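Below, each chain spelled out in residue letters.
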Amino acid sequence: AEAGAGGPRLAELLAAGRRLWEELEAGVEPSSGAPAVQDKVRQGLDVLQRAATMVAQLELFSENEELDEVASADLKFLLLPALLGALTLKQVDLSRRQQHLESARDHFLHFLKLCRSYGLGTFQLPPTTPGEEGAGSPPGPGDPPGAQPSLVAMAMSRNAKIERYKQKKELENKLASMRSFVESGTADEDQIREFYILQIQKWISTSLEELESIDQEMVILKSRDAARQAPAAPHGPSRPIRAPVRPFILTRDAAQARVFGAGYPGLPTMTVDDWYEQRRRQGIVSGQSVPQRAPGVSDEELQKQQQEKKEEEDDEEALQKARNWDDWKDTHPRGYGNRQNMG
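Per chain, residue numbering runs from 1 following the sequence as it is written. Side-chain atom pairs in this predicted model are given and counted only at pLDDT of 80 or more, local residue features only at pLDDT of at least 70, and totals for whole chains, interfaces and linings cover all residues. Excluded from the side-chain calculation are hydrogens and water; included are all heavy atoms of the structure.

As annotated in an unreviewed UniProt entry, the chain is IGBP1 protein from Oxyruncus cristatus. Under the UniProt heading Sequence similarities (unreviewed entry), the note attached to the chain is "Belongs to the IGBP1/TAP42 family." UniProt positions are given in the numbering used here, feature names are shortened, and annotations may be inferred rather than shown by experiment.

Take a look at the structure:
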């Protein structure tokens with residue numbers, strides 16, 4: 001079927017979309033996010049999507065037919081998916097970037113599949129889903145022995161890019177020389193057909209480049225999203241959340257607490273035993289670390305009890321020091337050796 005059934009409107013839609021694309025490529029605006037730029041992007045997507053819908057309804061193209069079966073005037077409509085993909089990438093809404101990348105990728109793949117079915121260019125289609133092909137595929141029979149698969153893949157990719165770049169420049173030069181004949185209406189059908197086929201081949205190279213760029217950006221976006229969703233790694237053992245400690249006066253015993261409490265009514269008082277008990281309940285100190293004190297026992301007596309307990313536990317050195325000290329006190333009266341204040 002030819003585009004004539006759709007009338008000139010289909011051709012006008014394609015021409016309007018291509019004109020908007022060329023204005024965007026000229027880049028008169030300093031920023032791609034400028035309102036004027038994004039308005040053109042939306043207008044271009046709208047007219048090209050309407051044109052693509054009409055092409056689908058007219059069934060202009062089929063993967064089962066040969067290139068000779070397509071009318072020369074219809075060849076230019078093969079570019080619709082590629083132009084849609086290129087304009088989709090020019091949208092700058094970061095919150096929908098992943099969606100835009102996937103949509104553009106689908107458009108470019110659709111375009112390349114159509115071109116492959118018509119025998120337009122020799123190229124390898126990228127995988128349907130990004131990341132399906134791995135750089136770790138085994139080397140081919142023509143690869144140098146001992147070469148790493150990733151290095152082989154990188155070298156092949158680099159050579160393919162260089163070759164694509166050369167072909168693209170040659171196509172652009174041919175198109176520039178033929179454009180005036182086609183647009184002026186002086187070109188014959190063979191020249192028109194060649195002109196459209198050259199345009200398609202140029203966009204094949206562009207689509208392959210854009211697909212590679214899209215796949216790289218999608219990997220970056222997925223890594224960034226995974227990093228945002230991952231819980232923060234703990235820097236040490238988790239500690240229970242403690243309630244803020246109110247100021248208080250720490251006293252030695254209950255009697256001192258009553259004295260200080262009377263003098264500082266604005267601040268609560270707490271004995272050492274109460275403080276240890278509170279810390280033990282909060283799990284900050286273990287029960288074994290709390291000194292046990294019997295009622296009415298002074299600090300000196302408590303210290304003496306702890307010293308005796310330490311001496312009873314297999315501490316031979318402390319026990320020997322204590323015995324030597326007792327023997328020394330038996331033979332030396334209190335104040336022995338102090339000769340400074342003699343009368």
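On we go from here.
Asks: Go over the packing of aromatic side chains with me, naming the residues and quoting the values.
Replies: Two rings from Phe, Tyr or Trp (for Trp, the six-membered ring) form a pair when their centres are within 6.5 Å of each other. A pair whose planes differ by under 30 degrees is stacked, one over 60 is edge-to-face, and the rest are tilted. Counting across every chain of the model gives four aromatic pairs. Aromatic pair Trp21 and Trp203: ring centres 5.6 Å apart, planes at 55°, arrangement tilted. Pair noted here: Trp21 is in helix α1 (residues 8-26) and Trp203 is in helix α6 (residues 189-229), with a separation of 182 residues, a long-range link. Exposure remark for Trp21: the relative accessible area of 14% places this residue in the buried category. Working definition: with a 1.4 Å probe on protein chains only, accessible area under 20% of the residue-type maximum means buried, over 50% means exposed, and in between means partly exposed. A relative accessible area of 4% means that Trp203 is categorised as buried. Here the aromatic rings of Trp325 and Trp328 are separated by 5.7 Å at their centres, their planes lie at 10°, and the arrangement is stacked. Note that Trp325 and Trp328 are positioned in helix α10 (residues 316-331) at a spacing of three residues, about one turn of the helix. What makes Trp328 partly exposed here is its relative accessible area of 38%. Runs of H or I in DSSP of at least four residues are treated as helices and runs of E of at least two as strands, each being numbered from the N terminus.

Asks: Outline unusual backbone geometry, supporting the account with residue identities and numerical values.
Replies: The backbone phi angle of Glu59 is positive, close to 55°, even though this residue is not glycine. For Glu59, the position within the fold is in the loop between α2 (35-58) and α3 (80-89). A relative accessible area of 62% means that Glu59 is categorised as exposed.

Asks: Could you give an account of the confidence of the model for the chain, with specific residues and numbers?
Replies: Counting all residues, the mean pLDDT for the chain is 78, and 69% of those residues have values of 70 or more. Least confident of the elements in the chain is helix α7 (residues 254-263), whose mean pLDDT is 60; most confident is α3, at 96. The predictor reports its confidence for every residue as pLDDT, a score running from 0 up to 100. Every residue pair with non-hydrogen atoms within 4.5 Å of one another is taken to be in contact. Contacts of residues 1-7 to residues separated by more than four positions or lying in other chains number 14 contacts, the stretch itself having pLDDT below 50. Counting interchain partners and residues more than four positions distant, the pLDDT-below-50 stretch residues 133-144 has eight contacts.

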